[in-house]
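Architecture at a glance
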Amino acid sequence: MTEIEEKNVNENPIGFNYVEGPVIVYKGFDKDFCCHGKQYEIGKSYHTDGDVRSLSEGFHGFIRATDAIMIYKSEVCSRFAVVELSGTVGKYSDDFYSASDMKIIEEIDLPGLMNIVSLASKYRKIKLAKRDKYFFSFDYAIKENDALPLTLSNKKIYVNGRNSWLSLTGEGCEVMLDEGSVVSSMGLSQKISSIAVEAKVMTSGSFGRLESYGERANLCNMGNFNKMFVAGDSTLLLNSGNSCSLVSTGKDINISDYGFGTFIAFSGDNASLFTAGKAAHILSTGDNSRIVVTGYDTFVDCFGKNTVIAVIGKRCVVRTKDWTDVTFVGVQADFGKSCKKTKQS
């Protein structure tokens, strides 16, 4: 047994495993390039003697750019860097890494990070398509014209075939969709991945993850604390869950949001976004987008060209480049007066 294997047996808490380093990850900082009150500089190395298993100690970062962008907040976490973690290294169950040593390699701006997300989505779709060996390990396979209600926990399910339908309750399942499948998920911590064209997915469970790579998908989320990633073009997405994160790289996507505290980031062109939720945080890097904000306390950070933003809610902040058209409107006199527009540096 190796030293790392011994540490995993004897020392690790639930959801944490020691791994071999070094590891390249993405790390977030505030606008002053600080994290938890400590100042950092590009190109420098840092060390801590703290317990890397603790979230309050060690240096942390995400292995996937998709997860990194989901923690973006204008004041709390608005700058990102590529860093190398080494020394004593471990990871949590969601690919969130921690280490005793860190070197900051380079800073990456928000459009650059979204470009990495877009490139990663193409690789992920190819990987899912090459599924011959992977699917042999599935516990259940639903074929064309099948309709099954299942209550399962910690199982792998493959839904393949048009007119196939799955209603899933339970916890911790992994679902893979192909063809024109329909899935309704009501369980906790479900992971749903779809490369299907015209797939239909409805989830009301919480703490789950949804990935959709097929075109013309219809996605509906009513659960809380869910993470959603959409790479397929012409996708329709409706969200009414609270504290959810949505990242999209597809073109011609249409998003409607009614949740509280939703984070939405999209890089595809010709996107349409309507949000009536409160305390939403929106990041747009795609061109020719249309954004309508009717909720309160919403922050919009827009880098795209030829974008039109209409704000009706109160206490909203819009940060843009010079080429973006922003209008504050409302049926009441005080609507729009508490909003403001700022320029990106």
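Residues numbered from 1 in each chain as written. Predicted model: local features only at pLDDT ≥ 70, side-chain atom pairs only at ≥ 80, totals over all residues. Heavy atoms only, no water.

With respect to the overall build of the chain
Going by this rule: Helix numbering and strand numbering both begin at the N terminus, where a helix is a DSSP run of H or I of at least 4 residues and a strand a DSSP run of E of at least 2. Only protein chains enter the accessibility calculation, which uses a 1.4 Å probe; a residue whose area is less than 20% of its type maximum is buried, one above 50% is exposed, and one in between is partly exposed.
In terms of regular secondary structure, the chain is built from four helices and 31 strands. Sorting the 345 residues of the chain into buried and exposed places 50% on the buried side.

Things to note about the packing of aromatic side chains
We count it as follows: Each Phe, Tyr or Trp ring, with Trp reduced to its six-membered ring, pairs with another whose centre is within 6.5 Å; inter-plane angles below 30 degrees give stacked pairs, above 60 give edge-to-face pairs, and intermediate values give tilted ones. Counting as a charge over the ring demands two things of the Lys NZ or Arg CZ atom: a distance within 6 Å of the ring centre and an angle within 35 degrees of the ring normal.
The tally for this structure, following the rule as stated, stands at 11 aromatic pairs. By the ring-pair criterion, three or more aromatic residues cluster together here, those being F29, F33, Y40, Y46 and F59. Between the NZ or CZ atom of K27 and the centre of the ring of F29, over which it lies, the distance is 5.7 Å.

Considerations on the confidence of the model for the chain
So the rule is basically this: On a range of 0 to 100, pLDDT expresses the predictor's confidence in each residue. Contacts between residues were defined by any pair of non-hydrogen atoms, one from each residue, lying within 4.5 Å.
Summarising the model, the chain shows a mean pLDDT of 83, and 85% of its residues fall at 70 or more. Counted against residues more than four places away or in other chains, residues 330-337, with its pLDDT under 50, gives nine contacts.

Digging into the nonpolar core
The condition is simple: In this text, buried Ala, Val, Leu, Ile, Met, Phe, Trp, Tyr and Cys residues form a nonpolar core when linked through side-chain atoms within 4.5 Å.
Membership of the largest hydrophobic core comes to 38 residues, with the highest contact counts inside it found for I157, L166, L168, V175 and L177. When near neighbours in sequence (up to four residues on either side) are disregarded, L168 contacts L150, L152, I157, C173, V175, S184, S185, M186, G187 and Q190.

Some words on the pairing of strand β2 (residues 23-29)
Condition: Pairing between strands requires that DSSP locate at least two bridges from one strand to the other.
Extensive coverage of β2 is indicated by the burial of six of its seven residues. As paired elements, β2 and strand β7 (residues 79-92) share seven bridges and run antiparallel to each other. In the sheet register, V25 faces β7, and the bridge partner there is V83.

Describing the pattern of salt bridges
Applied cut-off: One side-chain nitrogen of Lys or Arg within 4 Å of one carboxyl oxygen of Asp or Glu is enough to make a salt bridge.
Counted by the stated rule, this structure contains 12 salt bridges. The salt bridge partner of R53 is D51, with a shortest N-O separation of 2.9 Å. With relative accessibility at 26%, the residue R53 sits in the partly exposed group. On the accessibility criterion, D51 (30% relative accessible area) is partly exposed. Residues joined by salt bridges that share partners form a network here, namely R64, D67, R209 and E211.

Some words on unusual backbone geometry
The backbone of F207 sits at a positive phi, close to 60 degrees, despite the residue not being glycine. Relative to the helices and strands, F207 is located in the loop between β16 (200-203) and β17 (209-212). Judged by relative accessible area, F207 falls into the exposed class, the value being 51%. Of note in the backbone geometry, N306 takes a positive phi value of approximately 55 degrees without being a glycine. Its place among the elements puts N306 in the loop between β27 (299-302) and β28 (308-311).

Side note on the side chain of T262
What counts, and what does not: In protein, a polar contact requires one atom able to donate a hydrogen and another able to accept it; more generally it is a pair of N or O atoms within 3.5 Å, and residues adjacent in sequence count only if both atoms are side-chain atoms.
Counting through the fold element by element, T262 comes out in the loop between β22 (254-257) and β23 (263-266). By relative accessible area, which is 2% here, T262 ends up buried. A distance of 3.4 Å separates the side chain of T262 from the side chain of N239, its partner in a polar contact. Once residues within four sequence positions are removed from consideration, T262 is found in contact with N239, G241, C244, D257, A279, A280 and H281.

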